[in-house]
Amino acid sequence: MAAGAAGPGGAERYFTRWYKPDVKGRPCEDFCVLQHSNRICVITLAEAHPLLQSGKTIKNINYQISANCSRLQNKVSGKSKRGAQFLTELAPLCRISSSDGEEYTIYSCIRGRLIEVNENILTNPALLQEKPSTEGYIAVVLPKFEESKSITQGLLTQKEYEEVLLKRRSSAS
């Protein structure tokens, strides 16, 4: 490799990218699921999500979903991940407010147990925009073993997602 050329990072080397565009019918609200070979899935914002577009500043990130449900209260223990909150595909993970007054709900996109939420983005929200696939992830979800192959049904591959982005650009122009 040439001096100074960087090889693929951990996200590219060990994870398969899957995409869920227009979640709940909201245009461009796309999410990315990074699936590791050990079944663990990392939920991130996809490149085209409005929060990652230039000019957006994140004002607030809130893991308090309702009066009775905070993702920060998720306490996991042991090999079987006892105590983990169970998520459906459309379970909200957090709400993010931007400085322009918009609020975005971030959804799980897959079924599984919530292993952890990224508390670092609470104190440093810029991580979400600067490094969305690494330090700026939203949450880590572990699908049930028997569902680990089927959870990607309904999600798009990187190539399929790029085609969606091309169609959006051509219809916008």
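The coordinates are above.
Residues numbered from 1 in each chain as written. Predicted model: local features only at pLDDT ≥ 70, side-chain atom pairs only at ≥ 80, totals over all residues. Heavy atoms only, no water.

Asks: Can you walk me through the overall build of the protein chain in this structure?
Replies: For the protein chain, the count of helices and strands is four helices and eleven strands. The C-alpha radius of gyration computed for the protein chain amounts to 16 Å, which stays within 12% of the reference 16 Å derived for 173 residues, consistent with globular compactness. The principal-axis extents of the C-alpha atoms in the protein chain amount to approximately 50 × 40 × 35 Å. A separation of at least 24 residues holds for 58% of the contacts in the protein chain among residues at least 6 apart in sequence. Taken as a whole, the protein chain presents about 9,500 Å² of accessible surface, with 50% of it coming from carbon and sulfur. Treating the 23 positive side-chain charges of the protein chain as one cloud and the 18 negative ones as another, the clouds have centres 6 Å apart. (Helix = DSSP H or I, 4+ residues; strand = E, 2+ residues; numbered from the N terminus. Rg over C-alpha atoms; globule rule 2.2 N^0.38 Å. Contact = heavy atoms within 4.5 Å. Areas by Shrake-Rupley, 256 points an atom, 1.4 Å probe, with all protein chains shown as cover. Lys, Arg positive; Asp, Glu negative; His and termini not counted. Charge placed at Lys NZ, Arg CZ, Asp CG, Glu CD.)

Asks: What exactly am I supposed to notice about the pattern of salt bridges here?
Replies: Any two side chains of opposite charge can pair, given that their charged atoms come close. Summed over the entire model, instances satisfying the criterion amount to seven salt bridges. Here R168 and D22 are joined by a salt bridge, their closest N and O atoms 2.8 Å apart. Here R168, found in helix α4 (residues 158-172), pairs with D22, found in the loop between β1 (15-20) and β2 (31-36); they are 146 residues apart in sequence, far enough to count as distant. One salt bridge in this structure joins R168 and D30, with 2.7 Å as the shortest N-O distance. Residue R168 is located in helix α4, and its partner D30 is located in the loop between β1 and β2; the two are separated by 138 residues in the primary sequence. The exposure class of R168 is buried, given its relative accessible area of 19%. Connected through salt bridges with shared partners, the residues D22, D30 and R168 form a single ionic network. (Salt bridge = Lys/Arg side-chain N within 4 Å of Asp/Glu carboxyl O. Buried < 20%, exposed > 50% of the residue type's maximum accessible area, 1.4 Å probe, protein only.)

Asks: Hey, could you run me through the packing of aromatic side chains in this one?
Replies: Think of a pair of aromatic rings as described by two things: how far the centres are apart, and how the planes are tilted against each other in angle. Under the definition given, this model contains one aromatic pair. Where Y19 meets Y161, the ring centres are 4.1 Å apart and the plane angle is 5 degrees; that geometry is what we call stacked. Of this pair, Y19 sits in strand β1 while Y161 is found in helix α4, placing the two residues 142 residues apart along the sequence. The buried category is assigned to Y19, whose relative accessible area is 0%. Take Y161: its relative accessible area is 0%, and that puts it in the buried class. (Phe/Tyr/Trp six-rings, centres within 6.5 Å; stacked < 30°, edge-to-face > 60°.)

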